[in-house]
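# Fold and geometry: a report
Listed below, chain by chain, are the residues.
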Amino acid sequence: MAAHVADRKPQLEVNMLVRDPQVCWSINEKHCNFKYFPEHKLPENVIATTDAKAALLNADFCLHAVPVQFSSSYLEGIAMYVDPGLPFISLSKGLELNTLRTMSQIIPQALRNPRQPYIVLSGPSFALELMNKLPTAMVVASKDKKLANTAQQLLASRNLRINRSSDVTGVEIAGALKNVLAIAAGIVEGMNLGNNSMAALVAQGCSEIRWLATKMGAKSTTITGLSGTGDIMLTCFVNLSRNRTVGVRLGSGENLDDILGSMNQVAEGVSTAGAVIALAQKYNVKMPVLTAVARIIDNELTPQKAVLELMSLPQVEEV
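Residues numbered from 1 in each chain as written. Predicted model: local features only at pLDDT ≥ 70, side-chain atom pairs only at ≥ 80, totals over all residues. Heavy atoms only, no water.

## Some details on the overall build of the chain
- Secondary structure assignment for the chain yields 16 helices and seven strands.
- Taken over C-alpha atoms, the radius of gyration comes to 20 Å for the chain, in line with the 20 Å a tight globule of 319 residues would show.
- Once the C-alpha set of the chain is aligned to its principal axes, its extents read approximately 60 × 40 × 35 Å.
- By residue count, 50% of the 319 residues in the chain fall in the buried class.
- Considering only contacts within the chain whose residues lie at least 6 apart along the sequence, 69% involve residues at least 24 apart.
- On the chain, roughly 16100 Å² of surface is accessible, and the fraction owed to carbon and sulfur atoms is 51%.
- Charged side chains of the chain number 29 positive and 27 negative; the gap between the two group centres comes to 6 Å. (Helix = DSSP H or I, 4+ residues; strand = E, 2+ residues; numbered from the N terminus. Rg over C-alpha atoms; globule rule 2.2 N^0.38 Å. Buried < 20%, exposed > 50% of the residue type's maximum accessible area, 1.4 Å probe, protein only. Contact = heavy atoms within 4.5 Å. Areas by Shrake-Rupley, 256 points an atom, 1.4 Å probe, with all protein chains shown as cover. Lys, Arg positive; Asp, Glu negative; His and termini not counted. Charge placed at Lys NZ, Arg CZ, Asp CG, Glu CD.)

## With respect to the packing of helix 8 (residues 168–190) against helix 15 (residues 288–297)
- Running from N to C, helix 8 and helix 15 point in directions that differ by 75°, and their axes come no closer than 9 Å. When the interaxial angle is binned, helix 8 and helix 15 end up roughly perpendicular. On helix 15, the residues that touch L177, V180, L181, I183, A184 and I187 of helix 8 are V289, L290, V293, I296 and I297.
- Grouping the constituent residues of the contact of helix 8 with helix 15 by class yields 11 nonpolar, no polar and no charged. (Axes fitted to C-alpha atoms, helices over the stretch in contact; angles between N-to-C directions. Parallel < 35°, antiparallel > 145°, perpendicular 65-115°, else oblique. Nonpolar A, V, L, I, M, F, W, Y, C, P; charged D, E, K, R; others polar.)

## A few points about the UniProt feature "domain: Glycerol-3-phosphate dehydrogenase NAD-dependent C-terminal" (unreviewed entry) in the chain
- The feature "domain: Glycerol-3-phosphate dehydrogenase NAD-dependent C-terminal" (unreviewed entry), as annotated in UniProt, sits at residues 167–307 in this numbering.
- Secondary structure content for residues 167–307 is 76% helix and 0% strand, while the C-alpha to C-alpha distance between its ends is 34 Å. (UniProt positions renumbered as here; feature names shortened; annotations may be inferred.)

## Describing helix 14 (residues 268–282)
- Counted at 1.5 Å a residue, the expected span for helix 14 with its 15 residues is 21 Å, and the 21 Å between its end C-alpha atoms agrees.
- Taken together, the buried positions of helix 14 are E268, G269, V270, T272, A273, A275, V276, L279 and A280.
- Considering only its buried residues, helix 14 is in contact with helix 4 (68–78), helix 8, helix 9 (194–215), helix 12 (242–251), helix 13 (256–261) and helix 15.
- Trailing helix 14 by a residue or two, N284 shows a phi angle of about 55°, which is positive. (Expected span 1.5 Å × (residues − 1).)

## Some remarks on the sheet that holds strand 4 (residues 88–90)
- On the basis of which strands lie adjacent, the open sheet formed by five strands has the order 3-4-5-6-7 and mixed pairing. Of all strands in the sheet, those bounded by a partner on one side alone are strand 3 (62–64) and strand 7 (160–165). Recorded for the sheet is a direction-independent mean angle of 25° between the axes of neighbouring strands.
- Both strand 6 (residues 136–141) and strand 7 contribute to a ladder of six bridges, which runs parallel. Bridge pairing links V139 to N163 in strand 7. (Pairing = 2+ DSSP bridges.)

Okay, here's the thing in structure tokens:
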């Protein structure tokens, strides 16, 4: 996103706050991030720093891409440098494990400012394809219509379409739970269960996400839109998906710790799966597919037993 904004607005200085001094050096001296996209040249107006105070000083927007499980502690540590009127655009998808909080709850609470301007950006968007300037469409959602409009103007370009929404809950819940569903889709792939079962599983997962999200106050149209069905399709069916990859390897019989130990990026679905069971209980929603993923991750269930359980569920009317 830093590269995208910098490319779109060459007159802006885009500060990238990073933790790794080597990544910082690589961006500033070589204009590339040797760790993630070594082949891609970054615009010269992307300037990396490890200094939060310097990065946030006089900022117009903050695009927040810290993984959900670490966001609260990270933001608490830099809160003193954050202007109370600085709009946060959250790119992080998931639910905090023990608290079940979404990013729209985590950010203002960690910054101790309930009025911190907040926007969520979501939708089917692999970073590599954005870096390659391939056509992409995403959604910005905010309760503040003017703020959503401003974010839309900042981000929309020839290769990135941005839709607006006021349904923050729908966009966040769909963005979090599609990662859990992608693990399930990967398990089906890893077990070689075929295309029929893949289609049935993803359709059931989409229904479960819709049931929960609408109980939490989301609009069902959000769940069938770009940030719901659109993102679910991408994450469940395409090999670039980190969460799907975790599922494929689980379905092939690998151990979860070995899988996570070999990855250099975070698969948010693994942590978010733990929150699914608690949410299903809290809102009294039956979610057999998504809760099965949580039980597989917690070693309570093998993928083989999960398939038997799902196929043995009572035959029901379509809801």
